[in-house]
Structure formats: C-alpha cells, structure tokens
Amino acid sequence: MPIWEFRCAECAHKFEVLVISSKRDELTCPRCGSFALKKLLSAFAFRGSSGSSPKDCGSCSGKNCSTCK
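What you see is a predicted model; the values in this text were computed from it and never measured.

*Asks:* I'd like a rundown of the pairing of strand β2 (residues 14–18), residues and numbers included.
*Replies:* As judged from the 5 bridges shared by strand β1 (residues 3–8) and β2, these two strands associate in the antiparallel manner. Across the sheet, E5 pairs through a bridge with E16, a residue of β2. What sits between β1 and β2 in their antiparallel hairpin is a turn of 5 residues, with A12 showing a positive phi close to 65 degrees.

*Asks:* Provide a residue-level description of the sheet that holds strand β3 (residues 37–40), including the pertinent values.
*Replies:* Read across the sheet, 3 strands follow the order β2-β1-β3 without closing on themselves; strand pairing throughout is antiparallel. At either margin of the open sheet sits one strand with a lone partner, and together these are β2 and β3. Pairwise comparison of adjacent strand axes, ignoring direction, gives a mean angle of 40 degrees for this sheet.

*Asks:* So what's going on with the nonpolar core? Which residues, and what values?
*Replies:* Proteins that are soluble and globular tend to have nonpolar side chains buried together. Within the largest apolar cluster, 8 residues are counted, these being W4, F6, C8, F15, V19, L27, C29 and L37. Examining the composition of this core, we find that 3 residues originate from one element, β1, more than from any other. Apart from residues no more than four positions distant in its own chain, C8 is found in contact with H13, C29, C32, S34, A36 and L37.

Reading the values: rules and limits
- Residues numbered from 1 in each chain as written.
- Predicted model: local features only at pLDDT ≥ 70, side-chain atom pairs only at ≥ 80, totals over all residues.
- Heavy atoms only, no water.
- Pairing = 2+ DSSP bridges.
- Helix = DSSP H or I, 4+ residues; strand = E, 2+ residues; numbered from the N terminus.
- Axes fitted to C-alpha atoms, helices over the stretch in contact; angles between N-to-C directions.
- Core = buried A, V, L, I, M, F, W, Y, C linked by side-chain atoms within 4.5 Å.
- Buried < 20%, exposed > 50% of the residue type's maximum accessible area, 1.4 Å probe, protein only.
- Contact = heavy atoms within 4.5 Å.

Okay, here's the thing in structure tokens:
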C-alpha cells in the first residue's frame, strides 16, 4: 500500500495517508472532514547504482546491511 500526500481544497491542510486504491473515494480531510482532496506529487527516495558503496550507508555505518547492498 502506498503512502499518498493530499491537500484539502477546503482548508488547505496537507496530510499523508496509507491508502488502499479502492478506498481512495472514502478519504476525508482529518482537519475539516471535506471530501475535496487533491493528490500531491510526492518526493521519493532514489538510490542509483553508480558510485554508491557500503561506506555511504547512513543506517548501519558501512557494515554491509541490506540497505547498503
């Protein structure tokens, strides 16, 4: 299930929610309850294969964890 970002057209509140695609029509703004939501483009993490090495991994200090591979 993807995490989607939305902005409410009524109150401009931005929020993220874990969404099952079939349930998207049931979403409401957690602040005002409006159904008028706009899906936003989200930034995502990307890790290219060139130039990366285990020493660049910030999660395990270069101990060759699954993130570093």
